[in-house]
Amino acid sequence: MEQRLQASPTAVVVPAPTPSPALPPGRLGFEAVAAALLADGLVAPADHDRIQFSAQGARNASEVHPLVLLANLKLASSAPGGGELGLEELTEWLARRTGHRYLRIDPTRVDVASVTAVVSHPYARRHRILPLAVEAERILVATSEPLVLDWQEDMQHLARRRIEVVLVNPLDLHRYTMEFFGVTRSVRGARDGRADAGAGLPSFEQLVELGRSGDVNADDHHIVHIVDWLLQYAYEQRASDIHLEPRRDVGRMRFRIDGVLHKVFEVPSTVMTAVVSRIKVLGRMDLGERRRPQDGRIKTRSPGGREVEMRLSTMPTAFGEKCVMRIFDPDAAFKSIDQLGFSPQEAASWNALVERPHGIVLVTGPTGSGKTTTLYSTLKRLATPDVNVCTVEDPIEMIAPEFNQMQVQTNIDLDFASGVRTLLRQDPDIIMIGEIRDLETAQMAVQASLTGHLVLSTLHTNDAPSAITRLLDLGMPHYLVASTLNGVLAQRLVRTLCRHCKRPHALTDADWAVLRDAGEALPDAITPYAPVGCLECRRTGYLGRVGLYELLPITPRLRGLIRAEMDLAAFSQAARGDGLRTLRRTGLEKVAEGLTTIEEVLSVLPPVE
């Protein structure tokens, strides 16, 4: 794995107070741990009776870790700040009590193949340990039994490395021990079961020959387990995309989380081929065709019970089929306008635009900027029982029962333009066009708006005013653009600072220089924050994303400036005079609110010209 667990940034060093009374050596017992909690004043004396009442049950459940039993009692903490004593709080207390580092396992930073090679699964379960990082001079080992370290000397002797012990949540330890060794066992079984499949073939030749080969069994129970684990893993890590990338010797699995790709696992190339085949089976794609790109979709349930849709796309590469799965969580795709990050002023202006009976409203921005989420959330609100909402998309991103959705199919000449032509015969009130790519589609959008329909669509431009010149470049007459366009929304997504660990940050001279170079008047008060990194945000300093919006309503004054040879700079200046708040301006306001950083805002915006 490229990402490694480092002792300093990952583990929290906690000083060990003088224990009174000392915990007895050996495996932790419920009564001893409960007595230590009471002695340290972490639990109120009023809870003593509840603990004593539970002691008998604890004797009958000796295999259950005492911290888990205590966490289930939901005891109130007597420490400053109060709150409930959950499992993480109890684990941190035990770390302080025994003088160990406390760590919360981040599975995306664990090289599963290397750590499971250190010890066997039975050995790890017997001693309640799990290696988390293997380096040249040390092995980082997690345990939930800090007073049972008789295994440490043996491991150090065999591995010839220094052993560093950290204390972790016992439930996490049990779970990741089962998952890491389980998926490693499945990869090994899948690899050994088809060790000779395609052996000795060069990768590019193998790509062609596999198109008519039947040696991959996508229903093998090892492959099924790997795919199930991969999807569950992605849901838990809030991934928006899963990348399965074949390479010469090993295949690489990566997740996109908050817009950034993270490498999470590697498997042998033969196993990667079978994993992609299993996903193609689930997506009802042609398993035998590996030389042409294919699209599909899977609908499944997340571990929390929510229905989740995934859009699949495969592409032939020099080393085999690459597969990307885009995950669409309904809770993320259908948000309210306020949840998307609109300010009250922006929300009111946007709602006024999309509630007009006819005209064109465009959403612009690069791929991955949240345009689809904005449109789906807007349509969800507009799709009342007395309104007919129809869409033509390529492909359908998220199936919504409130809409009538049609997918572009170029193989039968069903493109955006012919799709809109068909929708006009379906008595629509609102039409959503996935993207205006050519003049014919733009003409159909204008015709739909002129005949009394509200049309929503997307374009790929850097800012809102550029959408008008883009339509003119496609060949649209300026008078039709001026008469039908209601407004344009340009947007970007930026990572938000983790609310658990962000800290105030004093602006340096360099920061002020960057702000001045942004070309915008600064907000009245700026109280910026800096990313720190904690357990909740996986040491990145960022947790989630929020939208930046540039909303341009086309006022009568601006309509008069739309000409065949339009001066974009003059038009943009006039728009700012009418109150346009640019992406840079809204980004600086998010910085001033402490939601994100200057660097994050500037990283998603084009440079100032």
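Calculation criteria
Counting restarts for each chain, with residues numbered from 1 along the sequence as it is written. Per-residue local features of the predicted model are confined to residues with pLDDT of at least 70, and side-chain atom pairs are confined, for both listing and counting, to 80 or more; whole-chain, interface and lining totals are unaffected and use all residues. Each side-chain value is derived from all of the structure's non-hydrogen atoms; neither hydrogens nor water enter the calculation. UniProt positions are given in the numbering used here, feature names are shortened, and annotations may be inferred rather than shown by experiment. Secondary structure elements are defined from DSSP: runs of H or I of at least 4 residues count as helices, runs of E of at least 2 residues count as strands, and each element is numbered from the N terminus. Relative accessibility under 20% of the residue-type maximum defines a buried residue, over 50% an exposed one, and the middle range a partly exposed one, all with a 1.4 Å probe and only protein chains included. With residues, only the protein chains shown are counted as cover, and all accessible areas are computed by Shrake-Rupley using a 1.4 Å probe. Between any two strands, pairing holds if DSSP finds at least two bridges. Axis definition: a line fit to C-alpha positions, over the contact stretch in the case of helices; interaxial angles, taken between N-to-C directions, run 0 to 180 degrees. Two residues qualify as a contact provided that any one of their heavy atoms is within 4.5 Å of a heavy atom in the partner residue. In this text, buried Ala, Val, Leu, Ile, Met, Phe, Trp, Tyr and Cys residues form a nonpolar core when linked through side-chain atoms within 4.5 Å. It is the rotation of the near helix from the far one that decides the hand of a crossing: anticlockwise by less than a right angle makes it left-handed, clockwise makes it right-handed. As a working rule, the residues Ala, Val, Leu, Ile, Met, Phe, Trp, Tyr, Cys and Pro are called nonpolar, Asp, Glu, Lys and Arg charged, and the rest polar, with Gly in that last group.

Looking at an unreviewed UniProt entry, one finds the protein named GspE/PulE family protein and attributed to Pseudoxanthomonas putridarboris. Taken verbatim from the UniProt record of the protein, the Sequence similarities (unreviewed entry) comment is "Belongs to the GSP E family."

> When you look at the overall build of the protein in this model, what are you seeing that I'm missing?
When its secondary structure is counted, the protein shows 25 helices and 19 strands. Per-residue burial over the protein gives 53% buried out of 609 residues. Accessible area for the protein stands at about 27700 Å²; split by element, carbon and sulfur atoms hold 50% of it.

> Sorry, what's going on with helix α17 (residues 416-423) here?
Since the α-helix advances by 3.6 residues per turn, residues separated by three or four positions end up pointing in the same direction. Taken across its eight residues, α17 has six buried, putting it largely inside the fold. F416, A417, S418, G419, V420 and L423 are the residues of α17 that are buried.

> What is the right way to read the sheet that holds strand β8 (residues 294-301) from this model?
Two orientations exist for strands paired in a sheet by backbone hydrogen bonds: parallel and antiparallel. Overall, antiparallel pairing links the six strands, which are arranged β7-β6-β5-β10-β9-β8 in an open sheet. Two strands bound the open sheet, and with one partner strand each, they are β7 (260-268) and β8. Neighbour to neighbour, the strand axes of the sheet diverge by 20° on average, direction disregarded. With eight bridges connecting them, β8 and strand β9 (residues 307-317) associate as antiparallel partners. Counterpart to R301 in the pairing with β9 is E307. The sheet contacts of helix α12 (residues 269-282) involve β5 (239-245), β6 (250-257), β7, β8, β9 and β10 (320-328), and relative to β7 the element is tilted by about 115°.

> It is not clear to me how the nonpolar core should be interpreted in this structure. Could you clarify?
Nonpolar side chains in soluble globular proteins tend to end up buried together. Formed by 63 residues in total, the largest nonpolar core has its most connected members in L244, M253 and M325. The biggest single contributor to this core is helix α11 (residues 221-236), with nine residues. Formed by 51 residues, the second largest nonpolar core is a distinct cluster that contains A464, L485, I554 and A574.

> What is the right way to read the packing of helix α15 (residues 344-354) against helix α16 (residues 371-382) from this model?
Taken N-terminus to C-terminus, the directions of α15 and α16 make an angle of 65°; their axes are 12 Å apart at the nearest point. Two packed elements cross with a definite hand, and for α15 against α16 that hand is right-handed. Across from W350, N351 and V354 in α15, the residues of α16 making contact are T374, T378, R381 and L382. Tallied by class, the residues present in the contact of α15 with α16 amount to three nonpolar, three polar and one charged.

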